[in-house]
Amino acid sequence: MSQMFNTGVRWTTQDVELFAENEGTRYEIVDGELFMTRAPHFKHQQTCGKIFRQLDVWSESTGSGEAVINPGVLFSESDNVIPDVVWATKETLALTLDEAGHLTGAPDLVVEVLSASNEDQRRDKEAKLKLYSTRGVKEYWIADWRSRKLEVYRREQSQLNLLATLFSSDNISSPLFPGFSCTVNQFFPV
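Residues numbered from 1 in each chain as written. Predicted model: local features only at pLDDT ≥ 70, side-chain atom pairs only at ≥ 80, totals over all residues. Heavy atoms only, no water.

Visitor: Describe the environment of Val 110, and please don't skip the residues or the numbers.
Guide: With respect to the secondary-structure elements, Val 110 resides in strand β8 (residues 109-113). Overall, the relative accessible area of 0% leaves Val 110 in the buried class. When residues no more than four places from it in sequence are discounted, the contact partners of Val 110 are Pro 83, Val 85, Val 86, Tyr 132, Val 137, Glu 139, Tyr 140 and Trp 141. (Helix = DSSP H or I, 4+ residues; strand = E, 2+ residues; numbered from the N terminus. Buried < 20%, exposed > 50% of the residue type's maximum accessible area, 1.4 Å probe, protein only. Contact = heavy atoms within 4.5 Å.)

Next up, the structure:
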């Protein structure tokens, strides 16, 4: 469940740091707009884990990069997000990982798992798509565990464009992951 604070104020990372610690609450800022998210559905988390596992197994076998669940990505003071899963090459990590353990630039792949609310879906399909597109993410996957589908956006001519909508029995592969392939069904809980 997500709540948006649209008060005409442009929020920054420094503003959020002043909030009291609130266990189970995530704050994200996209283009100065503040989003507060509570802990997601159990199957949402299972989907994150399954996508991570597939990417992690491939990454360990190739040594090409790292997959991470819920990393902090600090593009700027007014663009501070916590994607569900990211993957980055070792080179990208060397350039973008700061001393506090946050990415300060675009990972190669970002994955968001949809929550039920219209506000959450708008954030992932519009605000975050625009953010990831302008910041240089090479590929963006939007996973919907309820309908068991995956939207794949790939960078073409300097922006992320919808390449395919894949369903349970479809195979997912990517030029980011040579030799990687699995059915979309492997990303979702039973």
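Next comes the rest of the write-up.
Visitor: Got a sec to walk through the pairing of β8? Specific residues and values, please.
Guide: Buried residues dominate β8, accounting for five of its five residues. Burial along β8 is two-sided: the residues Leu 109, Val 111 and Val 113 and Val 110 and Glu 112 are all buried. Where strand β7 (residues 85-89) meets β8, three bridges bridge the pair, whose relative direction is antiparallel. For Trp 87, the partnering residue across the bridge sits in β8 and is Leu 109. As defined by bridge partners, β8 adjoins strand β9 (residues 139-144) across five bridges and the pair is classed as parallel. Residue pairing in the sheet places Glu 112 in a bridge with Ile 142 of β9. For the crossover that starts at β8, traverses helix α4 (residues 118-135) and ends in the parallel β9, the hand is right-handed. (Pairing = 2+ DSSP bridges. Right-handed = clockwise from strand over helix to strand, strands pointing away.)

Visitor: Quick rundown of the packing of aromatic side chains? Include the residues and the values.
Guide: Summed over the entire model, instances satisfying the criterion amount to nine aromatic pairs. Taking the centre distance of 6.4 Å and the plane angle of 55 degrees together, the rings of Phe 75 and Tyr 132 count as tilted. One end of the pair, Phe 75, is in strand β5 (residues 73-76); the other, Tyr 132, is in helix α4, with 57 residues separating them in the sequence. Overall, Phe 75 belongs to the buried group, its relative accessible area being 11%. Among the aromatic side chains, those forming a connected cluster through ring pairs are Trp 58, Trp 87, Trp 141, Phe 177, Phe 180 and Phe 187. (Phe/Tyr/Trp six-rings, centres within 6.5 Å; stacked < 30°, edge-to-face > 60°.)

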